Amino acid sequence: MTGIGLFAGHQYQIAFVLLVGVGLYTMIDAKNLVKKVIGLNIFQVGLFLFLVSSGYLAGAGPAIIDGEGRYVNPLPHVLILTAIVVGVSLTALALALIIRVYDEYGTLDEEHIQEVMDGD
Amino acid sequence: MTEVESLRPLAAVAVSAVAILGILAAHRRPNLRESVTLVSATVMFGVVASMVPGVLNGTVYVTRLDEVVTGVPFVLRADALGILFAVLASFLWIPTSLYSIGYMRGLDEGGQTRYFASFAGALSATMGIAFASNLVVLFVFYELLTVSTYPLVAHDETDEARSAGRKYLAYTFGGGVAVLAGTVLVYVAAGTVGFSAGGIEGLTGGAGTNVARLAFALLAGGFAVKAAVMPLHSWLPDAMVAPTPVSGLLHAVAVVKSGAFGLARVVLDVFGPDAIAEIGAGLPLAGLAVFTFITASVIALRKDNLKRRLAYSTIAQLSYIVMGLALLKPAALVGGLLHVPAHAFMKLTLFFCAGAIHVETHTDRISRMAGIGRRMPVTMTAFGVASLGMAGIPLLAGFVSKWYLLAGSFSAGNVVFAFALLLSGVLNIAYFWPVVYGAFFETREGSDEKPVIDANIGGYWSGVADHYAGGAFTDGGHGDEDDGGWKKPGWRGGEASPFVLVPILVAVGGAVVIGVAPATVYFFRIVRLVVENVTGVAV
Amino acid sequence: MTDALLGVVIALPVIASVVPLVASFWREEIGWYVAVVALVLNAVLIGSVVRSFVSGGILSHEVGGVAVPYGIELALDGLSAPVLVVIAVVSVGTLAYTRTAGPRSNSFYSGYLLLTAGLVGVTVTADVFNLYVFIEITGLGAYALIASGGDGRSAYAALKYLLVGTVGASLYLIGIAYAFVATGTLNMADLSARLADVGYGDTIVLASFAFIIAGLGVKVALFPLHTWQPDAYSASPYGVAGYVSALVSTVAAYALGRVILTVYTPGFLTANPVVSSGLIYFGALSIVAGSVLAVLQTDVRRLLAYSSVSQFGLIVAGFGIGNTASVFGSVVHLFGHAVMKGALFLTAGIIAYRFGVTRLDEYAGVARRVPYAGAAFAVLALSLVGVPPAIGFVGKWYVALGAVRAGETAVAVVIFASTLLTLMYVARLLDRMYYGEAPEAVADGGGGTRVTRGMVALVVLASVAVVALGPSASAVQETLALGEVLGG
C-alpha cells in the first residue's frame with residue numbers, strides 16, 4: 001500500500017527543500033517584518049508542494065473515476081486546499097498585526113522596534 | 001489488637017483546622033480569638049485523651065476515608081505510637097496557648113491573628129502525622145506542617161526572620177522531597193506503603209536489598225532534616241528568631257519531633273528493626289546521632305544567646321531519640337521513644353523560661369543574665385530543674401529515658417554509645433550550669449565575664465569580623481535590650497504574668513512527674529506497648 | 001458508541017463566533033453575552049458528552065457520515081475527556097473574569113469563541129490532519145486574543161508568536177506528510193496500525209516522529225522552543241493570559257501525548273529506546289531550564305510563563321515514559337496545571353488592576369492589602385510546588401511513580417527535584433507578597449477600580465478547587481481506562 005507514496009522523480013523533493021530553506025532563512029535573517037511574513041509564505045508553499053506531490057503517480061490522471069485506469073491520490077489535494085486556506089488567514093492576521101505595529105512604532109524594522117520597546 | 005472504626009482520629013485533626021476559620025473570623029476581637037484557640041486546644045486534647053485507655057488495651061481507632069492516590073488509602077489510625085505523639089502535642093498545646101497569649105500581648109507583637117491561625121494549622125498537621133496510617137498520608141501532613149509553620153518562623157517580618165523562613169522552607173521541603181522519593185521506592189518495591197508493626201513484608205532481601213537501602217537512606221535522611229540531625233540541622237538555630245512559644249512547642253516538640261516520629265515509623269513500622277539490621281543501616285545512623293549530640297553540645301557551650309543555646313541543646317537531645325531508634329534493641333527503643341515526651345516537657349520549660357525573661361527584661365544573652373534569679377525566682381528555679389533533667393539527674397524525666405538508652409547501648413554490645421551518652425550528660429551540665437549559677441549566685445555588678453564567646457571556632461576572617469566589630473550579635477533577638485530592666489521587683493518578685501508563669505509550672509511539673517513516677521504516667525505504658533508490639537519483647 | 005454531539009461541541013462556538021462580528025453593525029459590547037450563552041451551552045453539551053463516555057466507554061463519530069478512514073473521525077476517550085472538561089470549565093470561568101476586566105469589544109469575543117472551538121477540536125479529533133487544522137485555528141484565535149491588548153507591544157508579541165507558532169505547526173505538518181507518505185492514511189487508529197506494519201525502525205517513520213515532536217514542542221513551548229511564550233503572556237491582557245496559559249499549551253501538550261501514545265504507541269517507544277529517552281530527557285531539560293529561567297525573572301507574568309515551560313516538561317516526560325501511571329500523572333497535571341496557572345494569571349491580574357504593579361519587587365506587601373486574592377495566590381502557588389493534598393502533588397506523584405517503575409532513575413530525580421526548583425521561585429514570590437515592605441502604590445491601597453468581588457471570588461474558588469481536586473483525582477483513574485487507550 002505504500003505505492004501511493006512513491007515519488008515520480010526527485011524534482012519535487014529538491015524544490016521542497018529549497019523553498020523551505022529559503023523561507024526559513026528569510027524568516028530568520030530579514031529584519032523587515034513584512035519580509036518575515038513573505039518568508040513564512042515561501043516556507044509554507046514548499047510544504048504544500050511536498051504534500052501534494054506525495055499523491056502524484058507518473059502517467060496518472062486526475063481522480064475523476066471513469067472506469068479502469070491510473071489515478072492520482074485525491075486526498076493530498078483536499079489537504080492542501082485546506083492548508084492553503086489556513087495559510088491565507090494566517091497571512092492576513094499577520095499583516096493586520098504588522099499594520100498595528102507600524103502605527104505604534106512607525107517602523108517595520110525589528111531592531112528599531114526592539115530599541116523603542118526597551119526604551120519604554 | 002482490635003481495630004475499631006471511629007471518627008475520633010479524624011476529629012483530632014479537624015478540630016484545629018476548623019478552629020483556623022474561627023480564629024480568622026474573630027480577627028477583630030482578640031479575646032474571642034484566643035478563646036477559640038483555648039477551646040480547640042482543650043477539645044483536641046480531650047478527643048485524643050479519650051482514646052488512650054482503649055489504645056492501652058490494644059484497641060486501634062481507625063477513620064477510613066477515600067484514597068489519596070490509587071492503591072494508597074486515606075486512613076487515619078490511632079495506634080500506640082501515634083497516640084504517644086498526639087497526646088504529647090495536644091496536651092502541651094494547652095499551656096503553650098496560654099503562654100502565647102501572655103507572651104504575644106506582653107510584647108505587643110503584630111500579626112497575632114496570623115500567628116494563632118498558623119499555630120492551629122500546625123497542630124492539625126501534627127495530629128495528622130501522628131495518626132497517619134501510611135507513608136503517603138504521613139507525607140501529606142508532613143508537608144502541611146512545613147507550610148503552616150513557615151509563617152511562624154518568618155513572623156517578625158524582619159530581614160533576619162524572612163531569611164530564616166526561606167532557609168526553613170528550603171531545608172524542610174528538601175527533606176520532604178527525600179521522603180517522597182523514599183515513599184515511591186517503597187511503594188514500587190513492596191506494593192504498599194501501609195505501616196505494620198515490625199515492618200512491611202518483602203521490602204528487603206534478595207535483589208531488593210540495595211533498593212531497600214536507598215529507600216531507607218532517603219526516608220531517614222528526609223525525616224532527619226526536621227529531626228535536625230547533623231549536618232541537616234542548621235535551619236533550627238536560625239528558626240529561633242521566631243516568637244518563643246513557637247520555638248517552644250514547634251521547635252522543641254511538634255516540628256522536630258515529627259521528624260523523630262517519622263523516623264520511628266520508618267524504623268518500627270516500615271522496615272522493622274530486623275530488616276534494618278539485615279541491611280546494616282542501624283549502625284551508621286546511630287553513629288551520626290552520636291556525632292550530632294556531642295558536636296551540638298560543644299557548640300551549645302559557645303552560644304551566648306540563650307535561645308540559640310537551647311536550640312543546640314534540642315539538636316543534641318533529638319539525637320538521643322534517633323540513637324535509641326537506630327540501636328534497634330528493645331531497651332534502646334523504649335529509651336528513645338520515652339525521650340520524646342521527656343525532652344518535650346523539659347525543653348518546653350526551658351523555652352518558656354527564656355521567653356519569660358525576654359518578655360520581662362528584653363534580655364536574650366546569657367552573659368547579661370547574672371543575678372536574674374533574684375528578680376524571677378520561680379522562673380529560674382523551673383529553669384534549673386529542667387536543666388538538671390536534661391543532664392539526666394535521677395528523679396527527673398531525662399533520667400528515665402537515658403537509663404533505658406544506656407541499657408540499650410549495653411545490650412547492643414556497643415560500649416562506645418554508653419560512654420558517648422555519659423559524656424553528653426557532662427556537657428549538658430557544662431552548658432546549663434553557667435546559666436543557673438549566674439542567675440542565683442552572681443549579681444549584675446559582681447559577675448565575671450565567662451570565657452564564652454559567641455563566634456565561629458577558629459574566629460572570623462577579617463571581612464566578617466569587621467561586621468561583628470560593633471558587637472552586632474543579633475542572632476535570634478527580638479527588639480532591643482532594656483538595661484536595668486530588672487530593678488523593679490513587685491510583690492511577686494518581678495515575675496512575668498500568670499499567663500506566662502502557669503504554663504512554666506505545668507511543663508516543669510510534667511517533667512518532675514515523669515521522673516519521679518514514670519510508671520504512673522501514661523507515656524511510659526504507651527512506649528512499652530509500642531516496643532512490645534514491634535519486637536515481641538516486654539521491656 | 002457514536003455520539004453526534006462530538007461534532008456539535010466544535011460547531012457551536014464556531015458558529016457563535018460569527019455572531020458578535022455581525023452584531024457589531026447594530027450594537028457594541030454585545031459579544032460578552034453571546035459568548036456566555038454559547039459557552040455555557042457548550043459546557044452543558046460537553047458535560048453530556050463526557051457523561052455518556054463515563055457510562056458507555058469510548059465515543060466516536062464519523063463527520064458527515066463518510067466512513068473512516070476516508071472521512072474525519074471525532075472521538076472521546078480517557079485521554080481527551082479530562083482535557084475537554086477543563087476546557088469547558090476554564091472557558092466559562094475566564095469569561096466571567098473578562099466581564100469587567102477583559103477587553104469588551106465584539107471582535108475580542110469572536111476571537112475567544114474561535115479559540116475555544118479550536119481547543120475543543122484539537123481535543124476530540126481522531127485525524128492527524130484535522131488536528132493540524134484545529135491547531136492552526138487555535139493559533140489564529142490565540143494570536144488575535146494576545147493582540148487584543150491594544151498597544152504595539154501586544155501586537156508585536158502576537159506577531160512573534162504567529163511566526164514561531166506557524167513554523168511549529170508546519171513542522172508538525174511535515175511530520176504528518178511523512179507519515180502519510182509511509183502509510184497513505186490520516187486516521188489515527190488506522191495510521192497507528194499501518195505504522196506498525198511499516199516498522200517502527202523505518203527511517204521515514206522516525207523522521208515523521210521527529211518532525212511532529214519538534215512542531216508540537218514549539219506549540220507546547222518546551223525549552224528551547226519556548227521563546228515566544230513569555231512575551232506573548234506578558235504583553236496580553238490578564239484575562240487573555242489566563243485563558244491562553246491555561247489552555248493553549250495544554251491542548252498542544254495533549255496533542256503531543258495523543259500522537260505519541262495512540263498513533264506511535266508505547267510499542268514504538270519501546271522499539272526505539274533512543275527516541276524514548278530523548279523525549280523523556282527533552283521533558284526533563286525543560287523542567288530544569290524553565291525553573292531556572294523563572295527564578296531569574298523580575299516580571300511576575302514572565303515568571304509564571306517560564307514556570308509553564310517547566311511544568312509542561314513534567315507532562316511531556318510523563319507521556320514519554322508511557323506507562324499507565326505516568327500517563328495518568330500527565331493527564332492529571334494537564335488538568336491541574338490548567339486550573340492553577342490560569343487562576344494564577346487571573347490573580348496577578350487582580351493585583352495589577354488594583355495596584356498597577358507587575359514586577360516582583362513591586363509585589364511587596366500586596367497580600368496584606370488584598371487578603372483573599374493573596375491567599376488564593378499562595379494556595380495556587382503552593383499547589384504548583386506540589387504540596388499535598390492539592391492536585392499539583394497528585395500529578396507529580398503518578399509521573400514519579402511511573403518513572404521509578406520504568407527504571408528511569410535520572411528522570412525520577414529531576415521530577416523530585418522539580419519540587420525544590422519550583423519552590424525557588426514560589427517562595428521568593430510569597431515571601432515578598434506577605435512580608436515585604438509595601439511600596440507607595442500598594443500602601444495607598446491602589447487606585448485601580450476594575451476589580452470586582454466576582455473576580456476575587458473566582459480565583460478563590462479556583463484555589464479551593466485545586467485543593468479539593470487533589471484527593472479526588474485518583475478516583476477517576478479507573479473511569480479513564482488509560483490502559484485501554486495505551487493499547488492494553
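Notes on the structure in this doc start here. The structure displayed is predicted, hence computed values, not measured ones. (Residues numbered from 1 in each chain as written. Chains lettered and ligands numbered in written order. Predicted model: local features only at pLDDT ≥ 70, side-chain atom pairs only at ≥ 80, totals over all residues. Heavy atoms only, no water.)

Things to note about the packing of aromatic side chains
When we look at a pair of aromatic rings, we describe it by the centre distance and by the angle of the planes.
(1) Moving on: According to the stated counting rule, one finds 43 aromatic pairs over all chains in the structure shown.
(2) Moving on: Both rings, one in Phe293(B) and one in Tyr320(B), keep their centres 4.9 Å apart while their planes meet at 85°; by these two values the pair is edge-to-face. Of this pair, Phe293(B) sits in helix α11 (residues 282-301) while Tyr320(B) sits in helix α12 (residues 306-327); the two residues are 27 residues apart in sequence, bridging distant segments of the chain. An identical accessibility class is assigned to Phe293(B) and Tyr320(B); each is buried.
(3) Moving on: Here the aromatic residues Tyr143(C), Tyr161(C), Trp228(C), Tyr233(C) and Phe345(C) are joined through ring pairs into a cluster of three or more.
(4) Moving on: The aromatic ring of Tyr142(B) is capped on one face by Lys226(B), whose charged end is 3.8 Å from the ring centroid.
(5) Moving on: One Lys or Arg, Arg301(C), reaches over the ring of Tyr238(C) and ends 4.3 Å from the middle of that ring. (Phe/Tyr/Trp six-rings, centres within 6.5 Å; stacked < 30°, edge-to-face > 60°. Helix = DSSP H or I, 4+ residues; strand = E, 2+ residues; numbered from the N terminus. Buried < 20%, exposed > 50% of the residue type's maximum accessible area, 1.4 Å probe, protein only. Lys NZ or Arg CZ within 6 Å of the ring centre and 35° of its normal.)

Notes on a nonpolar patch on the surface
Residues and elements named next belong to chain B.
(1) Moving on: Residues Leu388, Ile393, Ile429, Trp433, Tyr437 and Phe441 make up a contiguous nonpolar surface patch of about 560 Å² in total accessible area.
(2) Moving on: Top element by residues in the nonpolar patch is helix α17 (residues 415-441). It accounts for 4 residues.
(3) Moving on: Isoleucine 429 sits in the partly exposed class, given a relative accessible area of 41%. (Patch = residues over 30% accessible without salt bridge, like charges linked within 9 Å, V, L, I, M, F, W, Y side chains within 5 Å. Areas by Shrake-Rupley, 256 points an atom, 1.4 Å probe, with all protein chains shown as cover. Salt bridge = Lys/Arg side-chain N within 4 Å of Asp/Glu carboxyl O.)

Overview of the arrangement of the chains
(1) Moving on: Most contacts, when the 2 pairs of chains in contact are compared, are made between chains A and C.
(2) Moving on: Chain A makes no contact with chain B; the smallest distance between any of their C-alpha atoms is 32 Å. (Contact = heavy atoms within 4.5 Å.)

Regarding helix α6 (residues 159-190) of chain B
(1) Moving on: An ideal rise of 1.5 Å per residue puts 46 Å on 32 residues; α6(B) measures up with 46 Å between its terminal C-alpha atoms.
(2) Moving on: The first or second residue beyond α6(B) is Gly191(B), which carries a positive phi of 80°. (Expected span 1.5 Å × (residues − 1).)

A short note on the side chain of Thr116(C)
(1) Moving on: Within the element layout of this structure, Thr116(C) appears in helix α4 (residues 106-124).
(2) Moving on: Those residues in contact with Thr116(C) that lie beyond four places of it in its chain are Leu39(C), Ile87(C), Ser91(C) and Tyr243(C).

Some remarks on helix α5 (residues 128-146) of chain C
(1) Moving on: End to end, α5(C) covers 27 Å across 19 residues, agreeing with the expected 27 Å (1.5 Å per residue, within 8%).
(2) Moving on: Within α5(C), 17 of the 19 residues are buried, which leaves it mostly tucked inside the rest of the structure.

Thoughts on the environment of Gly336(C)
All names here are of chain C.
(1) Moving on: Examined against the element boundaries, glycine 336 turns out to sit in helix α13 (residues 324-355).
(2) Moving on: A relative accessible area of 1% places glycine 336 in the buried class.
(3) Moving on: For the pair formed by glycine 336 and alanine 465, sequence separation is 129 residues and the distance between their alpha carbons is 9.6 Å.

Observations regarding unusual backbone geometry
(1) Moving on: Pro231(B) follows Met230(B) through a cis peptide bond whose omega is 5°.
(2) Moving on: Structurally, Pro231(B) can be placed in the loop between α7 (209-226) and α8 (235-238).
(3) Moving on: With an omega dihedral of 0°, the bond running from Phe223(C) to Pro224(C) counts as a cis peptide bond.
(4) Moving on: Looking at the element boundaries, Pro224(C) is found in the loop between α8 (203-220) and α9 (228-235).
(5) Moving on: A positive phi angle, close to 55°, is found at Ala228(B), a residue other than glycine.
(6) Moving on: In this structure, Ala228(B) sits in the loop between α7 and α8.
(7) Moving on: Residue Leu395(B) is not a glycine yet carries a positive backbone phi of 75°.
(8) Moving on: The exposure class of Leu395(B) is exposed, given its relative accessible area of 57%.

Quick word on the interface of chain B and chain C
(1) Moving on: Each partner contributes to the interface: chain B provides 30 residues, whereas chain C provides 29 residues.
(2) Moving on: Our count for the chain B to chain C interface comes out at 3 salt bridges.
(3) Moving on: Put simply, Arg162(B) and Asp431(C) hold a salt bridge, and the shortest N to O gap is 3.1 Å.
(4) Moving on: It is α6(B) that contributes the most residues to the side of chain B that touches chain C, 14 residues altogether.
(5) Moving on: Counted by class, the side of chain B that touches chain C contains 21 nonpolar, 3 polar and 6 charged residues. (Nonpolar A, V, L, I, M, F, W, Y, C, P; charged D, E, K, R; others polar.)

Looking at the pattern of salt bridges
(1) Moving on: Under the counting rule described, the total for this entry stands at 22 salt bridges over all chains.
(2) Moving on: We note a salt bridge from Asp238(B) to Arg308(B), for which the minimum N-O separation is 3.2 Å. Taken together, the positions of Asp238(B) in helix α8 and Arg308(B) in helix α12 put the pair 70 residues apart, joining distant regions of the chain.
(3) Moving on: Take Asp238(B): its relative accessible area is 22%, and that puts it in the partly exposed class.
(4) Moving on: Residue Arg308(B) is classed as buried on the basis of its relative accessible area, which comes to 10%.
(5) Moving on: Its salt-bridge partner being Asp190(C), residue Arg194(C) comes within 3.1 Å of it at the nearest N-O pair. Highlighted residues: Arg194(C) and Asp190(C), both in helix α7 (residues 188-198), separated by 4 residues, approximately one helical turn.
(6) Moving on: The structure contains a network of salt bridges with shared partners spanning Glu3(B), Glu5(B), Arg64(B), Arg77(B), Asp79(B), Arg265(B) and Asp269(B).

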